[in-house]
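# A structural walkthrough
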Amino acid sequence: MISNFDDKNLQKIKTTLVGIKDDMCKIPYINGLDREFTQDLPFHFTLYSWDSNDRDLVIDFISKFDFKKSFVNVTGVQIMNGRDNSYVLYYTLNVGKEVLEVQEELNEVFHNPKYENNFNFHITICISKDYDKVLEYQKLLERNFVPFSLEAFSFSLFKIYPASKICDFKCV
């Protein structure tokens with residue numbers, strides 16, 4: 001389950017990426033697949049994820065939520081280790097209580113240990129196995145970085161690897 005940003009908020013993110021030539025928010029090295037040119041997952045932050053084949057149960061449970069518009073503050077640029085010996089360049093986030101409350105409710109039902117303590121809310125900028133490239137991008141972004149705010153107007157349930165949208169949930 002990921003956030004959706006409208007065009008205005010997506011433009012805020014894209015404006016910060018001036019000078020980076022590669023396509024961003026790509027995942028080219030998952031399970032040996034080169035998905036760099038097929039990945040269409042938008043810039044987002046992840047609210048929750050499931051390893052579940054029971055899609056109908058998840059959709060039914062989530063559809064009972066009254067999602068509120070969620071504000072997040074983008075506070076910095078970091079690198080973390082990713083899957084398959086890759087490196088993830090991402091924006092660090094401070095999220096509002098609305099996001100934390102929904103995530104907590106989801107975890108009470110679905111019990112994913114990943115979301116129990118200090119989940120790292122972030123917006124992925126790029127993923128690469130080339131650490132030098134990721135470090136170069138981080139330095140480039142940090143030169144002119146100024147914290148900014150974003151507003152999520154809805155959330156979507158996505159199937160990933162490869163990404164495909166299942167359904168949307170509007171905020172009130």
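The shown structure was predicted, so the numbers you read here are calculated from the model rather than taken from an experiment. (Residues numbered from 1 in each chain as written. Predicted model: local features only at pLDDT ≥ 70, side-chain atom pairs only at ≥ 80, totals over all residues. Heavy atoms only, no water.)

## Some words on the packing of aromatic side chains
A full pass over the atoms with the stated rule returns 17 aromatic pairs. The interplanar angle of 45° and the centroid separation of 6.0 Å between the aromatic rings of Phe 67 and Phe 169 together place this pair among those described as tilted. One end of the pair, Phe 67, is in the loop between helix 2 (55-62) and strand 2 (70-81); the other, Phe 169, is in strand 6 (residues 164-170), with 102 residues separating them in the sequence. Owing to a relative accessible area of 2%, Phe 67 belongs among the buried residues under this scheme. (Phe/Tyr/Trp six-rings, centres within 6.5 Å; stacked < 30°, edge-to-face > 60°. Helix = DSSP H or I, 4+ residues; strand = E, 2+ residues; numbered from the N terminus. Buried < 20%, exposed > 50% of the residue type's maximum accessible area, 1.4 Å probe, protein only.)

## Digging into the pattern of salt bridges
Side chains that carry opposite charge are capable of pairing whenever their charged atoms lie near each other. Summed over all chains, the structure comprises two salt bridges. Lys 64 serves as the salt-bridge partner of Asp 60, at 3.5 Å between the closest nitrogen and oxygen. Measuring nitrogen to oxygen at the nearest pair gives 3.3 Å for the salt bridge that ties Asp 168 to Lys 165. With relative accessibility at 36%, the residue Asp 168 sits in the partly exposed group. A residue is classified by how much of its surface remains accessible, and Lys 165, at 47% relative accessible area, is partly exposed. (Salt bridge = Lys/Arg side-chain N within 4 Å of Asp/Glu carboxyl O.)

## Side note on the environment of Asn 73
Structurally, Asn 73 is set in strand 2. Considered as a pair, Asn 73 and Gly 96 are 23 residues apart in the sequence and their alpha carbons are 8.6 Å apart. Of note is the side chain of Asn 73, whose polar atom sits 2.6 Å from the side chain of Ser 149. (Polar contact = N/O pair within 3.5 Å; in protein donor to acceptor, adjacent residues only side chain to side chain.)

## Remarks on the packing of helix 2 against helix 3 (residues 97-110)
Orientation of helix 2 relative to helix 3, taken along the N-to-C sense of each, is 140°, at an axis distance of 12 Å. In terms of axis orientation, helix 2 runs oblique to helix 3. The handedness of the crossing between helix 2 and helix 3 is right-handed. The segment helix 2 lies against helix 3, with Val 58, Phe 61 and Ile 62 engaging Glu 105, Leu 106, Val 109 and Phe 110. Residue classes in the contact of helix 2 with helix 3 are distributed as six nonpolar, no polar and one charged. (Axes fitted to C-alpha atoms, helices over the stretch in contact; angles between N-to-C directions. Parallel < 35°, antiparallel > 145°, perpendicular 65-115°, else oblique. Left-handed = near helix turned anticlockwise from the far one by under 90°. Contact = heavy atoms within 4.5 Å. Nonpolar A, V, L, I, M, F, W, Y, C, P; charged D, E, K, R; others polar.)

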